[in-house]
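# Residue-level structural notes
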Amino acid sequence: MKSIVIGSGFGGIAAALRLKAKNHSVTLIEKHPDLGGRARVFKKNGFTFDGGPTVITAPYLINELFELFNKKPANYIKLTPLKTWYRFIFEDGLKFDYSGDEFQMKNQIKKISKDDVKGYEELIKFTKKIFDKGFTELADVPFDKPLVMMKLLPSLLKLKSYKSVYSLVSSYIKNEKLRRVLSMHPLLVGGNPFTTTSIYGLILYLEKKWGIHYSMGGTGHIINGLEKLMREENIDIIKGHEVINIISSSNKIQGIKLDNQKIINANNVICNADPPAVYERLLDIQKFSPLFKWKKKRMQYSMGLFVYYFGTKKTYNDVEHHTIKFGEKYKEHLDNIFNKKKLNDDISYYLHRPSATDSSMAPKGHDCFYVLVPVPNNQSGIDWSIEGDKIKNLVIDKMEQSLLPNLRKNIVEDFYLTPDYFEKELNTKYGSGFSIQPKFTQSAYFRFHNKSEVCDGLYFVGAGTHPGAGVPGVLSSAKVLSKIL
Ligand SMILES: Cc1cc2nc3c(=O)[nH]c(=O)nc-3n(C[C@H](O)[C@H](O)[C@H](O)COP(=O)(O)OP(=O)(O)OC[C@H]3O[C@@H](n4cnc5c(N)ncnc54)[C@H](O)[C@@H]3O)c2cc1C
């Protein structure tokens, strides 16, 4: 059985390895000269900038890929649990250190709102129920038949999946600051906490179950370890070539064509590339059923990301590994990004400082960072060649005020990525950061199917398919694939 995987994000690499373990002959094709997709690495003058994922959860999903071939993960990668998972900072200066230490968590909650300690305990119990169903039972189940979804509806209703994550959290927690802290998880997978189905409340419990980890050497070190494993297992890797066409005949996959016009035949093509972009640009087939056309047209896309990578000539020792800084406005800010597709001055941001845990990420005496600002995706029509510098200056000003004094004069290395990078370089529709949004109407059966609903021999893994974005999600999508192929 010959299988081609298009794209080398975590989902694509996991798919290649899982199919290899099932004795397929596998070729992985990546447009860029390096692997990883959103998890690519940018190295500049002694700084190592992980492009994307930094919060590593459910590490067993990564370890499993090595174990498939009886290899010891520790010979390839090193994951370290973090003590403080996120430091939340509010406009009024209040700090909240979020971690797996329940004693510390409750103490901090008590200081902010005594009444909410009980609600917090109840919320955790409820998210465990969601986790047991939504993750343990369903994350690696194929959702290609409506019946599977229909059977689930009663239990999903019982788990209140018609509610948003924010509304679920608010039914347990009264304090607005704590509501923000405990409902922010959809943002990690491209959703608005005010509209994402409460099923994604499972992330809250998933973090508690396995902790939050950091990959020593950066997330790119995991990609390197997986690349080594793929080579050892004789997976053919083609880098620096884009697939420009998926060839099919009578609705059956035949193979692919590369940008150098080379044709490679295969029984199966597995796309780790963004599903809507694949359906629009790569397939020969253009006649979709009315139902599929409707499904594709009504999809809503996740937000875009502005990511500013910078290195400083001094270290900021009191800054945590992961910091989330909330702006004054929150709901309105998210509404502007997701619905009105407008930029704001009152931003919230996530700051990553890997050198807090790993000194190898920056030259001696220096610090390495990225700051991520959620922004509208490219449905906005924003001209990033004008707005890019403005946001960069805005976020530097904000960080100088509340976190990194004298930042501007200490920066020695920097660059940024906007939704244009995600659209043009990673081939993502509208340059969205996480493909389609994780809404109830776009989850499981309603997402792009892992086994294409359009063409035989065509499959999908990665953020746009079931179960969804985030490293655990895309690794689980490869598990779904290995069940159906
Ligand atoms: C800034 C940022 C921070 C994040 N932080 C976290 C985090 O902390 N924790 C977490 O769990 N998740 C995080 N995420 C989400 C997570 O990174 C993604 O959901 C996940 O990595 C996506 O993987 P994927 O398998 O969908 O493929 P992608 O990473 O999207 O890769 C797809 C690949 O396909 C290639 N490709 C596309 N079209 C073609 C073609 N025609 N021919 C050849 N190749 C093609 C692209 O070049 C790309 O390499 C973050 C994402 C971003 C952007």
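Relevant structure appears above.
Predicted model, so just to flag it, every value in this text is computed and none were measured.

On to a nonpolar patch on the surface, then. On the surface, L147, M150 and L153 cluster together into a nonpolar patch covering about 290 Å² of accessible area. Locating L147 in the fold gives a position in helix α5 (residues 146–158). Assessed through its relative accessible area of 54%, L147 is described here as exposed.

By size, the foremost hydrophobic cluster in this structure holds 112 residues, and its most contacted members are F88 and Y98. Among the elements that make up this core, the one with the highest residue count is helix α4 (residues 116–137) (8 residues). Among all residues touching F88, those that are not within four sequence positions of it are L94, K95, F96, Y98, V181, M184, I324 and F326. One finds I253, F288, F292 and I436 within the second-largest nonpolar core, a separate group that totals 28 residues.

Below, the discussion takes up the side chain of K479. Along the polypeptide, K479 turns up in helix α16 (residues 471–484). Within polar-contact distance, the side chain of K479 engages the side chain of E64 at 3.2 Å. Setting aside chain neighbours within four positions, we find K479 in contact with R18, Y60, L61, E64 and D140.

Right, let's talk about the sheet that holds strand β11 (residues 252–258) for a bit. Taken in spatial order, the 3 strands line up as β10-β11-β12 in an open sheet, and their pairing is antiparallel. Edge positions in the open sheet fall to β10 (243–249) and β12 (263–265), since each of these has one partner strand only. For this sheet the average axis-to-axis angle between neighbouring strands, irrespective of direction, equals 25 degrees.

For a regular strand, the rule is simple: side chains alternate between the two faces of the sheet. Of the pairings in the sheet, the one linking β10 to β11 comprises 6 bridges and is antiparallel in character. When the sheet's bridge partners are listed, S248 is paired in β11 with I253. Taken together, β10 and the strand that follows it, β11, pair antiparallel across an intervening segment of 2 residues, in which S250 is found at a positive phi of about 45 degrees. Taken together, the 3 bridges between β11 and β12 define a ladder with antiparallel strand orientation. Across the sheet, I256 pairs through a bridge with I264, a residue of β12. Counted between consecutive antiparallel strands, the loop separating β11 from β12 contains 4 residues, among which Q261 sits at a positive phi close to 75 degrees.

Burial of helix α8 (residues 202–210) is extensive: 7 of the 9 residues sit out of reach of the surface. If you check which residues of α8 are buried, you get L202, I203, L204, Y205, L206, E207 and K208. Structurally, α8 contributes buried residues whose contacts are with β6 (84–89), β7 (95–99), α3 (102–112), α4 and α7 (176–183).

With parallel pairing, 5 strands are arranged side by side in an open sheet as β9-β2-β1-β13-β19. With partners counted over all chains shown, the strands left at the sheet margins are β9 (236–239) and β19 (458–460), one partner each. The mean inter-strand angle of the sheet, taken between neighbouring strand axes irrespective of direction, is 20 degrees. One ladder, built from 4 bridges, connects strand β2 (residues 25–30) with β9; its direction is parallel. Counted as the bridge partner of L28 is I237 from β9. Against the sheet, helix α1 (residues 10–21) makes contact with β1 (2–6), β2 and β13 (268–271), and its axis sits at roughly 170 degrees relative to β2, the strand it touches most.

A few words on the packing of aromatic side chains. Geometrically, a pair of aromatic rings is defined through the distance of the ring centres and the angle of the planes. Evaluated as defined, the whole model comprises 39 aromatic pairs. On the numbers, 4.2 Å between centres and 35 degrees between planes, the contact of Y166 with F194 is tilted. Taken together, the residues span a long stretch of sequence, with Y166 in helix α6 (residues 165–170) and F194 in the loop between α7 and α8 at a distance of 28 residues. With respect to class, Y166 is no different from F194; both count as buried. One aromatic cluster in this structure is built from F42, F47, F49, Y309, Y350, Y370, F415, Y421 and F422. Cation over ring: R298 sits above W294, and NZ or CZ is 5.0 Å from the ring centre.

The next thing to look at is the packing of helix α2 (residues 60–67) against helix α9 (residues 219–232). Between α2 and α9, whose axes approach to 10 Å, the crossing angle comes to 20 degrees. Comparing their axes, α9 and α2 come out roughly parallel. Every pair of crossing elements has a handedness; the one defined by α2 and α9 is left-handed. Note on element contacts: α9 touches α2 through I222, G225, L226 and L229, opposite I62, L65 and F66. Here the contact of α2 with α9 is built from residues that sort into 6 nonpolar, 1 polar and no charged.

For the rest of this paragraph, the subject is the pairing of β1. The buried count for β1 comes to 4 of 5 residues, which makes it a mostly enclosed element. Direction of pairing for β1 relative to β2: parallel, over a ladder of 5 bridges. Opposite V5, over in β2, you have L28 as the bridge partner. In terms of handedness, the path from β1 via α1 over to β2 forms a crossover that is right-handed. Here β1 runs beside β13; their pairing, made up of 4 bridges, is parallel. Looking at the pairing, V5 lines up with I270 of β13.

Turning to the site of the ligand, a few remarks are in order. Around the ligand, the surrounding shell holds 38 residues, and the nearest of these are G11, E30, R38, V55 and V471. In this structure, R38 approaches the ligand through a side-chain N or O atom, which is 2.5 Å from an oxygen atom. Between the ligand and A463, the relevant distance is 2.9 Å, taken from an oxygen atom to a main-chain nitrogen or oxygen of the residue. Among the elements of the structure, α1, β2, β17 (367–375) and α16 are those that each provide at least two residues to the shell around the ligand. No other element matches α16, which puts 3 residues into the shell around the ligand. For the shell around the ligand, the class distribution of residues is 19 nonpolar, 15 polar and 4 charged.

Reading the values: the criteria
- Residues numbered from 1 in each chain as written.
- Predicted model: local features only at pLDDT ≥ 70, side-chain atom pairs only at ≥ 80, totals over all residues.
- Heavy atoms only, no water.
- Patch = residues over 30% accessible without salt bridge, like charges linked within 9 Å, V, L, I, M, F, W, Y side chains within 5 Å.
- Areas by Shrake-Rupley, 256 points an atom, 1.4 Å probe, with all protein chains shown as cover.
- Salt bridge = Lys/Arg side-chain N within 4 Å of Asp/Glu carboxyl O.
- Helix = DSSP H or I, 4+ residues; strand = E, 2+ residues; numbered from the N terminus.
- Buried < 20%, exposed > 50% of the residue type's maximum accessible area, 1.4 Å probe, protein only.
- Core = buried A, V, L, I, M, F, W, Y, C linked by side-chain atoms within 4.5 Å.
- Contact = heavy atoms within 4.5 Å.
- Polar contact = N/O pair within 3.5 Å; in protein donor to acceptor, adjacent residues only side chain to side chain.
- Pairing = 2+ DSSP bridges.
- Axes fitted to C-alpha atoms, helices over the stretch in contact; angles between N-to-C directions.
- Phe/Tyr/Trp six-rings, centres within 6.5 Å; stacked < 30°, edge-to-face > 60°.
- Lys NZ or Arg CZ within 6 Å of the ring centre and 35° of its normal.
- Parallel < 35°, antiparallel > 145°, perpendicular 65-115°, else oblique.
- Left-handed = near helix turned anticlockwise from the far one by under 90°.
- Nonpolar A, V, L, I, M, F, W, Y, C, P; charged D, E, K, R; others polar.
- Right-handed = clockwise from strand over helix to strand, strands pointing away.
- Near = heavy atom within 4 Å.

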